[in-house]
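# Chain and residue survey
Read off the chains here:
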There are 2 protein chains.
Amino acid sequence: MILHGYWRSSAAYRVRIALNLKRISYQQTSYPLRQGAQRSLEFLARNPQGLVPALETDEGTILTQSLAIIEYLEETHPHPTLLPPHPLARARVRGLAMIIACDLHPLNNLRVLNFIGDRYRQDDAGKTQWYQHWVKVELDALENRLSRDAATGKFCHGNTATMADVCLIPQLYNARRWNCDVRSYQTLLRIEEACLLLPAFSAAAPERQPDSE
Amino acid sequence: MILHGYWRSSAAYRVRIALNLKRISYQQTSYPLRQGAQRSLEFLARNPQGLVPALETDEGTILTQSLAIIEYLEETHPHPTLLPPHPLARARVRGLAMIIACDLHPLNNLRVLNFIGDRYRQDDAGKTQWYQHWVKVELDALENRLSRDAATGKFCHGNTATMADVCLIPQLYNARRWNCDVRSYQTLLRIEEACLLLPAFSAAAPERQPDSE
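The present account deals with the structure reproduced in this document. (Residues numbered from 1 in each chain as written. Chains lettered and ligands numbered in written order. Predicted model: local features only at pLDDT ≥ 70, side-chain atom pairs only at ≥ 80, totals over all residues. Heavy atoms only, no water.)

### Describing the sheet that holds strand 4 (residues 62–64) of chain A
Paired through their backbone hydrogen bonds, the strands of a sheet run either parallel or antiparallel. Residues and elements named next belong to chain A. For clarity, the threshold we go by: Should DSSP find at least two bridges between two strands, the strands are taken to pair. Under the scheme used here, helices are H or I runs from DSSP no shorter than 4 residues and strands are E runs no shorter than 2 residues, and both carry numbers assigned from the N terminus. In this analysis an axis means a line fitted to C-alpha atoms, helices contributing only their contacting stretch, and an angle means the value between N-to-C directions, from 0 to 180 degrees.
In spatial order, the strands read 2-1-3-4; together these 4 strands make up an open sheet with mixed pairing. Since the sheet does not close on itself, it has two edges, and those belong to strand 2 (27–30) and strand 4, each with one partner. The sheet shows a mean angle of 25° between the axes of neighbouring strands, taken without regard to direction. By the bridge criterion, 4 bridges tie strand 1 (residues 2–5) to strand 2 in an arrangement that is parallel. The partner of L3 across the bridge, within strand 2, is Q28.

### So, the pattern of salt bridges
Our working rule: Each reported salt bridge corresponds to a side-chain nitrogen of Lys or Arg within 4 Å of a carboxyl oxygen of Asp or Glu. Only protein chains enter the calculation, and the probe is 1.4 Å; a residue is then buried if its accessible area is under 20% of its type maximum, exposed if over 50%, and partly exposed in between.
Taken as a whole, this structure holds 22 salt bridges over all chains when the rule is applied. Here A:E71 makes a salt bridge to B:R94, at a shortest N to O gap of 3.7 Å. Taken as a pair, A:E71 in helix 3 (residues 66–76) and B:R94 in helix 4 (residues 87–104) lie in two separate chains rather than in one. Take A:E71 and B:R94: they sit in the same class, and that class is buried. A salt bridge links A:R92 to A:D149; its shortest N-O distance comes to 2.9 Å. Remark: A:D149 occurs in the loop between helix 6 (124–148) and helix 7 (163–177) and A:R92 occurs in helix 4 (residues 87–104); sequence separation between them is 57 residues. Several salt bridges converge on common partners, so that one network encompasses A:E71, A:E75, A:R90, A:R94, B:E71, B:E75, B:R90 and B:R94.

### Overview of the interface of chain B and chain A
Spelled out, the test is: Whether two residues are in contact is decided by their heavy atoms, any of which lying within 4.5 Å being enough. Note on definitions: buried area is the accessible-area loss of two parts on being combined, 1.4 Å probe, summed for both. Here a polar contact is taken to be a pair of N or O atoms separated by no more than 3.5 Å, where protein atoms must pair a possible hydrogen donor with a possible acceptor and residues adjacent in sequence count only if both atoms sit in side chains. When residues are sorted by character, Ala, Val, Leu, Ile, Met, Phe, Trp, Tyr, Cys and Pro go into the nonpolar class, Asp, Glu, Lys and Arg into the charged class, and all the rest, Gly among them, into the polar class.
Contacts between chain B and chain A engage 47 residues on the former and 47 residues on the latter. Both sides of the chain B and chain A interface together cover about 4200 Å² of buried area, and 63% of this is carbon and sulfur. A salt bridge links A:E75 to B:R90, with the nearest nitrogen and oxygen atoms 2.8 Å apart. Our count for the contact surface shared by chain B and chain A stands at 14 residue pairs in polar contact (both at pLDDT 80 or more). Broken down by secondary-structure element, the contributors of at least two residues to the side of chain B that touches chain A are helix 2 (41–46), strand 4 (62–64), helix 3 (66–76), helix 4, helix 5 (110–119) and helix 6 (124–148) of chain B. The class makeup of the residues in the side of chain B that touches chain A is 25 nonpolar, 12 polar and 10 charged.

### A look at the state of the cysteines
Residues and elements named next belong to chain B. Worth spelling out the cut-off: Note that a disulfide, as used here, is simply two cysteine sulfur atoms within 2.5 Å.
Tallying each qualifying case throughout the model produces 0 disulfides over all chains. Free cysteine C167: the closest other cysteine sulfur is in C102, separated by 8.9 Å. Relative accessible area serves as the criterion here: at 0%, C167 is assigned to the buried category. Counting only cysteine sulfurs, C156 is the nearest neighbor of C195, a cysteine outside any disulfide, at a range of 6.7 Å.

### Here we look at unusual backbone geometry
In this structure, A:P53 follows A:V52 across a cis peptide bond, with omega equal to 0°. Mapped onto the secondary structure, A:P53 falls in the loop between helix 2 (41–46) and strand 3 (54–56). A cis geometry characterises the amide bond from B:H79 onward to B:P80, with omega recorded as -10°. Relative to the helices and strands, B:P80 resides in the loop between helix 3 and helix 4. The phi torsion at A:Q65 lies on the positive side, around 70°, for a residue other than glycine. Position of A:Q65 among the secondary structure elements: in the loop between strand 4 and helix 3. With a relative accessible area of 10%, A:Q65 lands in the buried category.

### Things to note about helix 5 (residues 110–119) of chain A
The α-helix advances 3.6 residues per turn, and as a result positions three or four apart in sequence lie on the same side. With 7 of its 10 residues buried, helix 5 of chain A lies for the most part within the structure. For helix 5 of chain A, the secondary structure elements touched by its buried residues are helix 6 of chain A together with helix 4 and helix 6 of chain B. Once helix 5 of chain A ends, the next one or two residues include A:R121, with phi positive near 50°.

### Digging into the sheet that holds strand 1 (residues 2–5) of chain B
Residues and elements named next belong to chain B. Spatially, 2-1-3-4 is the arrangement adopted by the 4 strands of the open sheet, whose pairing is mixed. What marks the edges here is a single partner per strand, and that holds for strand 2 (27–30) and strand 4. Ignoring which end each strand starts from, the neighbouring axes of this sheet average 25° apart. As judged from the 3 bridges shared by strand 1 and strand 3 (residues 54–56), these two strands associate in the antiparallel manner. Following the sheet pairing, I2 is matched in strand 3 by E56. In the packing of helix 1 (residues 10–21) onto the sheet, the strands contacted are strand 1, strand 2 and strand 3, and the crossing angle to strand 1 comes to about 160°.

### Focus on the packing of helix 3 of chain B against helix 7 (residues 163–177) of chain B
All names here are of chain B. Test applied: Note: crossing handedness is left-handed where the near helix turns anticlockwise from the far helix by less than a right angle, and right-handed where it turns clockwise.
The geometry of helix 3 relative to helix 7 is characterised by a closest axis approach of 11 Å and an angle of 145° between their N-to-C directions. When the axes of helix 3 and helix 7 are compared, the crossing they make is right-handed. Facing helix 3, whose interface residues are L67, I70 and E71, helix 7 presents M163, V166 and C167. Grouping the amino acids of the contact of helix 3 with helix 7 by side-chain chemistry returns 5 nonpolar, no polar and 1 charged.

Keep in mind these values describe shape, not function.
Put into structure tokens, the structure is as follows:
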């Protein structure tokens, strides 16, 4: 498989963790986002949305959207599982993952930051305010839920890593990059610590990728 | 089951379609979003994220995030299916659904429009520009993909409604509400026409809900 991504893309980072957890070997192709490589004709032929990541299967099919890719990996390489067995528990895990993947990350994507910079004349400080605002809204909600919920264990759900952790760790990485104050998220930080002890997570870290600058 | 939602919430609209397609009977509770009912303590106790929809199961469990809810319905009420059987096809359908649910809809949510109004002093015209910009970016990409892809049929994927159609129809409804020009999306409009012939879709329409104003 070939992962079309970028070392700093948070959504590509999710897919790297999932591939590693499932011990699937893969190659990486890098699209430097700030230079607009994801808008090149070559990449748009692969993904008309012009967003990384895209996963190219061994048969040459291109899959897009990180969570759809991870669901595919879960269905085709079920062990170890990234979703618990019971439907209610699966809904909980997917719901936690989507707080990050649907309600937080898309707001803080590069193209959105560029838009508010260009249209609303926001400088780096203004973009940082935007970024930090949405991180706080959603990580507050996530910490609130995880800290009081009996289903939370060593990881977001119980004592094995799931799709929710796969989304949480890249989001925390990005939050720090934007100087968000994450110190109050005791539950999230505890879960992060447990995740980063696993080689699948630590090997997926941005600074450990071949295209990292 | 009780669907905690609002007639105009696009994400609640998705869940209504899915419940209808699966012929699951449900009650609705309404949270008028512009009045901030989704931020009431009563609702925050159900969903700390303060976003609709939330689905309350017959056992009283609260599920959040529309796509996580729909996956739950798919797992617990598998017929009719909202996902095709083959993993690659499932990944395609989920990927299409997530173009809308992850990359488009969250940018145009009420809280984001309120934020750009307050912080960047955008009036209704400015908010409409923001809204229309992101609709165009993503619906252009979606039309591009669906129009050239052999897997597209009468619906987004083949000839039965899937999770992708469940996301597409509410998004087109919202796009028109914000005066987006959707006339060039021939494939999307053809699919919409097929969907709206199904009672499950038409009965889920915002203006047909009990709390519609």
